[in-house]
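Residue-level listing of the chains:
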Amino acid sequence: MKRPFKKILVANRGEIAVRVMRTCREMGIRTVAIYSDPDRASLHVRYAGEAYRVGPAPSRESYLRIDKIVEIARASGAEAVHPGYGFLSENPDFARALEEAGLVLIGPPAESMEAMGEKTRARRQMIAAGVPVVPGTEDPIEDEAQALEYARSIGFPVMLKAAAGGGGKGMRKVDTEEAFPSAWRGARREAASSFSDDRVYIEKFLDKPRHVEIQVLADAHGTVIHLGERECSVQRRHQKVIEETPSPIVDAEMRARMGEVARQAARAVGYVGAGTVEFLVDADRNFYFLEMNTRLQVEHPITEMVNDGVDLVRHQILIAGGEKLSLQQEEIAPRGHAIEARIYAEDPDRNFMPTPGAITYIRQPGGPGIRVDSGVYSGWTVPMYYDPMIAKLCARGPDRETAIARLDRALSEYLIAGITTNIGWLRRVLAQPQFVSGDYDTGFLDQAQEAIAASMKGGKEEVALIAAAIASYDRQRRLAVRSTFSPSEHSGSKWKLLGRLRTLGRGV
Amino acid sequence: MRFTATHGEATHEIDVTFDGERYTVTLDGQKHEVDALLLEGNIWSLLIDGKSYEVDVEGEEEVTVRVRGRVHRFRILDERRMRMRMASGAFSAEGKQVVRAPMPGKVVKILVREGDSVEAEQGVVVVEAMKMENELRAPKAGTVKSIAVEEGALVEGQAALVVIE
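Residues numbered from 1 in each chain as written. Chains lettered and ligands numbered in written order. Predicted model: local features only at pLDDT ≥ 70, side-chain atom pairs only at ≥ 80, totals over all residues. Heavy atoms only, no water.

Draft legend 1. Layout of the overall build of chain B. Across its full length, chain B holds 1 helix and 16 strands. Whereas a compact globule of 165 residues would reach a radius of gyration of roughly 15 Å, chain B reaches 20 Å, over 25% beyond that. The burial tally for chain B puts 41% of its 165 residues in the buried class. Sequence-distant contacts, at least 24 apart, represent 38% of the contacts inside chain B between residues at least 6 apart. Treating the 22 positive side-chain charges of chain B as one cloud and the 30 negative ones as another, the clouds have centres 2 Å apart. (Helix = DSSP H or I, 4+ residues; strand = E, 2+ residues; numbered from the N terminus. Rg over C-alpha atoms; globule rule 2.2 N^0.38 Å. Buried < 20%, exposed > 50% of the residue type's maximum accessible area, 1.4 Å probe, protein only. Contact = heavy atoms within 4.5 Å. Lys, Arg positive; Asp, Glu negative; His and termini not counted. Charge placed at Lys NZ, Arg CZ, Asp CG, Glu CD.)

Draft legend 2. Seen up close, helix H12 (residues 400-413) of chain A. Residues and elements named next belong to chain A. Helix length check: H12, at 14 residues, gives a terminal C-alpha distance of 20 Å against a target of 20 Å (1.5 Å per residue), a fit within 8%. Along H12, the positions that sit buried rather than exposed are Arg400, Ala403, Ile404, Leu407, Ala410 and Leu411. All buried residues of H12 lie within an arc of 125 degrees about the axis, which places them on one face of the element. Sitting at the head of H12, Asp399 places a side-chain oxygen 3.3 Å from the backbone nitrogen of Glu401. (Expected span 1.5 Å × (residues − 1). Arc of directions from axis to C-beta. Polar contact = N/O pair within 3.5 Å; in protein donor to acceptor, adjacent residues only side chain to side chain.)

Draft legend 3. Quick look at the interface of chain B and chain A. With 58 residues of chain B at the contact, the number on the chain A side is 56 residues. A combined buried area of about 4900 Å² lies between chain B and chain A, and 62% of that area is made up of carbon and sulfur atoms. Between the two partners, chain B and chain A, sit 3 salt bridges. Taking the shortest distance from any N to any O, the salt bridge between Glu54 of chain B and Arg363 of chain A comes out at 2.6 Å. For the side of chain B that touches chain A, the leading source of residues is strand S8 (residues 70-78) of chain B, giving 7 residues. Grouping the constituent residues of the side of chain B that touches chain A by class yields 32 nonpolar, 10 polar and 16 charged. (Buried area = accessible area lost by both parts, 1.4 Å probe. Salt bridge = Lys/Arg side-chain N within 4 Å of Asp/Glu carboxyl O. Nonpolar A, V, L, I, M, F, W, Y, C, P; charged D, E, K, R; others polar.)

Draft legend 4. Fine view of the pattern of salt bridges. Residue and element names in this part refer to chain A. Summed over all chains, the structure comprises 51 salt bridges over all chains. Two residues, Glu111 and Arg96, come together in a salt bridge whose shortest N-O distance is 3.7 Å. Here Glu111, found in helix H5 (residues 110-117), pairs with Arg96, found in helix H4 (residues 92-100); they are 15 residues apart in sequence, far enough to count as distant. Here Glu243 makes a salt bridge to Arg342, at a shortest N to O gap of 2.7 Å. On the criterion of sequence distance, the pair formed by Glu243 in strand S11 (residues 239-245) and Arg342 in strand S14 (residues 337-344) is long-range, its members being 99 residues apart.

Draft legend 5. Region of the structure containing helix H7 (residues 144-154) of chain A. Residue and element names in this part refer to chain A. Within H7, burial applies to Ala147, Leu148 and Ala151. Within H7, the buried residues cover an arc of 100 degrees as seen down the axis, which keeps them to one side. Turned more than 90 degrees off the buried face of H7, the exposed positions are Ala145, Gln146, Glu149 and Ser153. Considering only its buried residues, H7 is in contact with strand S6 (158-162), helix H8 (180-195) and strand S8 (200-204).

Draft legend 6. View of the side chain of Arg75 of chain B. Considering the arrangement of structural elements, one finds Arg75 of chain B in strand S8. At 2.5 Å, the side chain of Arg75 of chain B forms a polar contact with the side chain of Glu62 of chain B.

Draft legend 7. Inspection of the sheet that holds strand S11 (residues 117-118) of chain B at higher detail. All names here are of chain B. Taken together, 4 strands build an open sheet; the order of strands is S9-S16-S14-S11 and the sheet is antiparallel. Bordering the open sheet on either side are strand S9 (97-100) and S11, each of which pairs with just one other strand. Pairing analysis gives 4 bridges linking S9 to strand S16 (residues 160-164), with the strands arranged antiparallel. Residue pairing across strands places Arg100 opposite Ala160, the latter belonging to S16. (Pairing = 2+ DSSP bridges.)

Draft legend 8. Geometry of unusual backbone geometry. Here the amide bond leading from Phe156 of chain A into Pro157 of chain A is cis, since omega sits at -5 degrees, within 30 degrees of zero. Relative to the assigned elements, Pro157 of chain A resides in the loop between H7 and S6.

Draft legend 9. Structural view of the nonpolar core. Residues and elements named next belong to chain A. Counting residues in each nonpolar core, the largest one holds 76 residues, and the members touching the most others are Ile242 and Ile343. The element best represented in this core is helix H1 (residues 14-26), accounting for 6 residues. Here Ile343 is in contact with Pro388, Met389, Ile390, Ala391, Leu393, Leu411, Tyr414, Ile416, Asn422, Ile423 and Leu426, once residues within four sequence places are set aside. (Core = buried A, V, L, I, M, F, W, Y, C linked by side-chain atoms within 4.5 Å.)

Draft legend 10. Looking closely at the domain arrangement of chain B. Domain parsing of chain B yields domain 1 (2-80) and domain 2 (92-164). The distance between the C-alpha centroids of domain 1 of chain B and domain 2 of chain B comes to 32 Å. (Domains from an automatic or database assignment.)

Draft legend 11. Spatial organisation of empty space enclosed by the protein. The final tally for this structure, using the stated rule, is 1 cavity of 30 Å³ or more. The computed volume of the largest cavity comes to approximately 40 Å³. Classifying every residue of the lining of the largest cavity gives 6 nonpolar, 6 polar and 1 charged. (1 Å grid on protein atoms, 1.4 Å probe; cavity = no way out; pocket = protein on both sides within 12 Å on 5 of 7 lines; lining within 4 Å. Points joined across faces, edges and corners; volume = space filled by probe spheres on them.)

Draft legend 12. Representation of the packing of H4 of chain A against H5 of chain A in the model. All names here are of chain A. Between H4 and H5, the shortest axis-to-axis distance is 8 Å and the interhelical angle comes to 175 degrees. Here H4 is positioned roughly antiparallel relative to H5, judged by the angle of their axes. Along the contact surface, H4 presents Pro92, Ala95 and Arg96, while H5 presents Ala110, Glu111, Met113 and Glu114. (Axes fitted to C-alpha atoms, helices over the stretch in contact; angles between N-to-C directions. Parallel < 35°, antiparallel > 145°, perpendicular 65-115°, else oblique.)

Here it is in structure tokens:
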């Protein structure tokens, strides 16, 4: 087996750090983890061959510390660094710092990140490369009156977007002229606080837009291939919740056209590694370039599942080692259907408030066609400092209906105690008629919100009441039993205590 | 042993007896035979009239119960404590209520002003934590007595934000 590196540092945490290290283990590559103080007991630290403290809880002082990460990589003897997603994964300064230190970044060149990182510059470059983009301003607009005039000229509704943005921050939909001024100021304020850059540009808002993205792989020798699309229109506040492939609206012909455009986009910026080209698709199935994510995506497993188990992380590592891509476009033929649900430590009943805390018990689902990428275990405390996504659950089947049924079945098996999660809510989303039909767009969760909330009500309330009463009864009875033992006997022999409790018909 | 469970306006009477092996539970007049096993991690395996459930019960009086992907929250008291509570009058969300930050974060928006009257469950303040914005709601209907923070302020977990009376 090819092994371009002997040791890799993974500059991330949680499920994605574990995901990357799994491939490293398969390839016989040793792994180095970094951790912040609250992550000392995290799964990625336990899984890694070596682990070093990078700083205190706040990301800014730990997982975003370029200098410390470079220092740890050098001291540990790692030759390459995998950034995962989020944190420093799309930061060109990180790419340059690694290069200066003689380390290899498992990702694209800093120049590609920069070209795609600034959204208006990326748009210009895509237009020049002949890639279709959503109608909008080529440059950010400074003046509010000018911006309003432009919005009028393309017609409402419009989207305001941060030039330096991504991930839904600084993004506003504006339906009417009256709503424009406050939205304009809000978007600029949010852009400034999220990206230290308040420049905003305007795009035409597409009717019933769908969010479809194409996975690409590019080596350093000029080969660029695509591995089909992922449908990511199930979003809550611009955050993806459920992704599937193939998209219900993409056929072979459209896939080939989108794939070709994605390859063109990657070539235009000299892309190397695994990347994702995001498109908006309108109601007439016209597609427009939205942005390119210059890293591994959260939802990459569903692409792996329908492409004969191709391992995107393995290809990333081989490409970073200078290897030529062993895959050819003609060989790529996705089969079956795969779907992913993101498991969050959050409470859908309480406005999706994060629910950090101790996981007292966890039972992962299994069985046919199931893949779990998890970053947690029984007894671990979900820290309050980071993104509340704790796992990804994926299902594959020969067709869409089977894949959805499997995902629902696996969600019903997934038992996480101690903290509230969105698992029950995800099952209600899967059951929505609009989702089942496949005819949904990015407005789906907003429209279905109330129907989903209503279907969350009721359920097995009588079971909950019986359980609570038995738990209270049991607690009081055990307290009563304990108080009948003398302290010496209690502390003297737990086995004796256990025996006596057992004769009373009750475990400890 | 008799229990009373309440959530909102609804009240349920639950009677529990245990014969050393099985429970007999009478819920609102309906009798059930229950085989209950407490397993690792506080999970109960319940066989209620033969139907199998896995249930996670947390808390003592204010309980959170998770069953088949749904979360139920209520207050459950045994008869003796119930009488004590009734006598002391400290039963419902009466008197002064403090809306607290559930975790460290940043106050993004304050949705009410001092002196405003609010409905129960009405949003009063938005706190950003774990990269998410969370709307905190009034625990009861009343008047906003005081607001302890300003928009943009960083707050610790459990910090008092808004007082409603």
